[in-house]
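# Fold and geometry: a report
Listed below are the residues making up each chain.
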2 protein chains.
Amino acid sequence: MKQGINVGLLGLGTVGTGVISIIKQHQQELKHQVGCAVNVAKVLVRDIDKKRGVEVEENWLTTDPAEVCCDPEIDVVIEVMGGVEDTKEHLANALKNKKHVVTANKDLMALYGAELLHLASENGCDLFYEASVAGGIPILRSLADGLAADRITKMMGIVNGTTNYILTKMSQEGSQYLDVLAQAQELGFAESDPTSDVEGLDAARKMAILSTLGFSMDVSLEDVSVKGISQVTDRDLHYCEQLGYTMKLIGIAKRDDDRIEVSVGPTLLPNDHPLAAVNNEYNAVYVYGEAVGETMFYGPGAGSLPTATAVVSDLVTVMKNMRLGVNGHTVHAPLHEKVLKEDKEIDSKYFLRMRVTDKAGTFSAITSLFAEYEVSFEKLLQLPLDGGEEAEVIVITHHTSKENYRELYERLQALEVVENVESSYRVEGGQ
Amino acid sequence: MKQGINVGLLGLGTVGTGVISIIKQHQQELKHQVGCAVNVAKVLVRDIDKKRGVEVEENWLTTDPAEVCCDPEIDVVIEVMGGVEDTKEHLANALKNKKHVVTANKDLMALYGAELLHLASENGCDLFYEASVAGGIPILRSLADGLAADRITKMMGIVNGTTNYILTKMSQEGSQYLDVLAQAQELGFAESDPTSDVEGLDAARKMAILSTLGFSMDVSLEDVSVKGISQVTDRDLHYCEQLGYTMKLIGIAKRDDDRIEVSVGPTLLPNDHPLAAVNNEYNAVYVYGEAVGETMFYGPGAGSLPTATAVVSDLVTVMKNMRLGVNGHTVHAPLHEKVLKEDKEIDSKYFLRMRVTDKAGTFSAITSLFAEYEVSFEKLLQLPLDGGEEAEVIVITHHTSKENYRELYERLQALEVVENVESSYRVEGGQ
């Protein structure tokens with residue numbers, strides 16, 4: 001084996017800076033674990049002259065991706081530049097040049113994960129991507145190794161820090177969505193264009209990656225049904241609290257008899273559910289296995305150093321494999337064919353908030369409709385609204401199918417006594 | 001490679017039964033992961049004729065440990081029989097006969113872990129012990145691999161299910177220790193001789209194993225300072241609640257400048273600490289890494305199937321290593337020499353409950369003493385006791401050293417106005 005292992009980076013933003021810091025500061029520990037030194041050899045950047053948050057040697061920097069992906073001296077390519085199409089080309093190049101790859105890129109892995117893993121396998125290379133889901137939490141390893149002996153039937157994840165921060169502040173401070181979003185943008189917890197976070201797309205990508213691994217099926221982004229948090233109101237959160245629930249943007253992946261459902265949406269959890277206490281920008285993934293039962297993995301979902309920790313841990317695994325000469329053996333083709341549940345098989349409880357006409361017969365019209373669809377109530381509130389001519393009805397249902405619920409919802413919306421169905425969310429956890 | 005891998009079990013109690021169930025039920029998944037079948041070949045039991053909770057073939061059972069540990073057909077020995085001295089001999093035999101070992105035995109690993117790991121290494125064998133700490137939670141892997149790139153500076157664990165169950169019930173129901181213990185024994189959450197659990201010894205063994213791995217130092221059981229929960233009263237818990245704290249039996253392992261402290265004891269945590277919400281028989285390990293920040297791993301700490309999941313996951317790793325021909329490479333000698341902190345370096349906040357004479361000057365005598373030791377108050381309560389001649393004073397201090405606190409404690413106990421210092425606990429988390 002060589003004296004040291006040479007690493008090339010694609011990108012030197014916040015995560016790349018963190019990776020270089022950790023490699024520098026933990027040289028002794030890294031050497032102890034892998035038996036040789038780790039050297040940064042090349043770093044792809046857009047602007048060589050830009051000032052950096054970490055000390056870099058001048059001859060490291062390049063603007064030519066080939067200098068990282070094709071240099072025979074480089075053993076491992078770490079991708080922390082983001083982006084999809086170009087980035088995919090760079091990594092394909094690196095793999096064809098027999099370089100192992102570590103990436104933090106969820107967009108890339110959700111779209112081209114299967115293809116890149118296949119290419120890695122063909123070239124006898126490792127491809128690891130722990131940092132792509134839930135930043136500093138070693139969840140992919142836990143699914144792949146720690147729970148290797150179990151059959152995972154359910155995963156629920158708070159896998160987007162921005163939306164968890166926004167919902168936490170809205171709940172705690174009784175504030176409006178747009179005000180908290182603006183505050184989050186100021187503090188750097190939300191992007192200037194927050195669409196991908198607040199509309200649930202970022203979480204959906206992570207759920208596609210988690211379900212692919214956890215269920216050993218080839219789950220893609222289009223399989224995930226997605227709803228964001230931009231329509232959540234302080235009024236919804238007020239009633240959640242009153243009824244003993246906490247609202248979170250939850251990614252849900254469930255398997256029943258080898259048929260799966262994967263979705264992302266604002267979801268009510270009972271306050272004593274382990275995920276209900278995960279606040280601010282923190283992430284957590286709750287995993288239910290047939291044998292192990294309930295487990296949960298909690299930690300920072302983003303940030304320079306936490307994400308970089310996951311990247312460098314993957315690097316350590318690559319280096320250990322290099323030492324033992326066993327790279328390229330970690331990827332498995334999916335064991336199961338993917339079969340998505342139909343809506344009539346997707347079972348859940350629901351929260352509904354309706355504005356109704358406050359007169360005799362309203363309540364009976366609503367409850368008859370629920371009875372017609374055989375949906376029973378777990379909780380029910382009716383409150384007069386200011387003015388007195390309208391009232392608000394809040395319902396938490398017992399379990400019903402998504403198909404049945406959709407029909408009920410449309411019929412409710414069409415009822416004469418119902419002015420509007422203001423909001424509707426899934427309810428998980430508990431009995 | 002052979003057609004299948006043969007496994008021998010030492011012991012067929014609850015965990016052993018779980019191991020056989022999982023191997024039987026998950027044959028397809030196991031074969032997919034490791035490329036060959038897994039066969040149970042021999043099982044050491046005490047009584048061959050005893051009725052079992054799982055179907056076993058007659059020719060599996062033996063009462064002779066050599067039939068498991070010396071049989072050339074057996075590749076991996078799984079130890080789930082418990083015990084220390086004899087068990088250690090069996091495993092040493094197995095390793096000398098080039099068998100890989102998976103064990104769930106914390107007592108054994110806390111006492112002889114270093115010796116057995118060394119022997120495994122000498123014989124080119126794997127020795128894994130994930131199930132020995134926090135049952136179904138893959139915490140040892142997370143420390144060894146997932147956080148491999150980080151420097152861990154603090155671990156806090158709820159690593160004993162029995163005591164967590166007892167403290168949870170005492171808090172929720174306002175019940176007395178002995179009543180809840182009896183109830184726990186009835187439900188099977190506590191042993192008929194609960195000493196090892198309630199006096200903190202079981203947790204101490206797990207903390208020795210965790211700190212050895214997390215700090216890469218050879219930490220042994222004698223290095224852990226231990227206090228159990230048998231003196232905790234409903235009155236203590238009442239004041240905890242009133243002050244916004246939750247009491248848990250917490251194992252604490254801290255590193256500052258490569259000097260460490262490891263202890264187990266009833267500890268107050270602020271209610272918003274991630275560990276404060278871990279209830280009943282659940283376990284959790286909170287890990288603070290310099291780079292990753294706060295992470296937490298939550299799950300069942302015991303039980304047949306959860307513990308068996310961890311055992312079989314270790315077995316999967318052994319089998320993957322066998323396929324690649326890389327067994328015996330996972331053990332590292334400790335990187336750092338162990339240096340324990342002196343008491344003057346161990347820094348903490350404390351909760352104190354005192355019975356005092358209710359007269360003029362009492363409060364001033366107490367506060368002057370605190371001032372003399374430069375210990376300031378974070379919270380302070382004084383309440384009259386029934387009868388009116390005595391009062392109760394409850395203090396939460398700011399940070400001070402263990403040495404300083406011990407002297408203060410003794411001086412308080414000796415004060416004329418203090419009838420008795422009823423209880424004293426460490427306070428962790430928060431500022």
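Just above sits the structure.
Now for a quick tour of the structure. (Residues numbered from 1 in each chain as written. Chains lettered and ligands numbered in written order. Predicted model: local features only at pLDDT ≥ 70, side-chain atom pairs only at ≥ 80, totals over all residues. Heavy atoms only, no water.)

## Describing the interface of chain A and chain B
In plain terms, the rule: Every residue pair with non-hydrogen atoms within 4.5 Å of one another is taken to be in contact. Values labelled buried area give the accessible surface lost by two parts on being combined, using a 1.4 Å probe and summing over both. Only one rule defines a salt bridge in this text: a Lys or Arg side-chain nitrogen within 4 Å of an Asp or Glu carboxyl oxygen. Pairs of N or O atoms within 3.5 Å make up the polar contacts considered here, provided that, within protein, one atom can donate a hydrogen while the other can accept it, and that residues adjacent in sequence are counted only when both atoms are side-chain atoms. Helix numbers and strand numbers start at the N terminus; a helix is a DSSP run of H or I with at least 4 residues, a strand a run of E with at least 2.
Contacts between the two partners involve 48 residues from chain A, matched on the other side by 48 residues from chain B. The largest contributions to the chain A side of the interface with chain B come from H32, A149 and Y298 of chain A, which together make up 14% of the buried area. Remark: the boundary between chain A and chain B carries four salt bridges. A salt bridge links E29 of chain B to R151 of chain A; its shortest N-O distance comes to 2.7 Å. Here chain A and chain B share 19 residue pairs in polar contact (both at pLDDT 80 or more) between them. Elements supplying a minimum of two residues to the side of chain A that touches chain B: α1 (14–25), α2 (27–34), α6 (139–146), β12 (293–300) and α12 (304–324) of chain A. Element by element, the count of residues in the side of chain A that touches chain B is highest for α12 of chain A, at nine residues.

## Re the packing of aromatic side chains
For any pair of aromatic rings, the description rests on two quantities: the centre-to-centre distance and the angle between the ring planes. Convention followed: Pairing of aromatic rings covers Phe, Tyr and Trp, the last counted by its six-membered ring, and requires centre-to-centre distances within 6.5 Å; plane angles under 30 degrees mean stacked, over 60 mean edge-to-face, and any other angle means tilted. Exposure categories follow from relative accessible area, calculated using a 1.4 Å probe and restricted to protein chains: below 20% of the type maximum is buried, above 50% is exposed, and the middle band is partly exposed.
One pass over the full model with this rule turns up 13 aromatic pairs over all chains. Ring geometry for Y350 of chain A and Y405 of chain A: centres 3.7 Å apart, planes at 5°, overall stacked. Linking Y350 of chain A in strand β13 (residues 347–357) with Y405 of chain A in helix α14 (residues 402–414), this pair joins segments that are 55 residues apart in sequence. By relative accessible area, Y405 of chain A is classed as buried at 6%. Taken together, a centroid distance of 4.6 Å and an interplanar angle of 45° make the contact between Y165 of chain B and F189 of chain B tilted. Of this pair, Y165 of chain B sits in helix α7 (residues 161–173) while F189 of chain B is found in the loop between α8 (177–187) and α9 (195–198), placing the two residues 24 residues apart along the sequence. On the basis of relative accessibility, which here comes to 4%, the residue Y165 of chain B falls in the buried class. F189 of chain B gets classed as partly exposed once you look at its relative accessible area, which sits at 31%.

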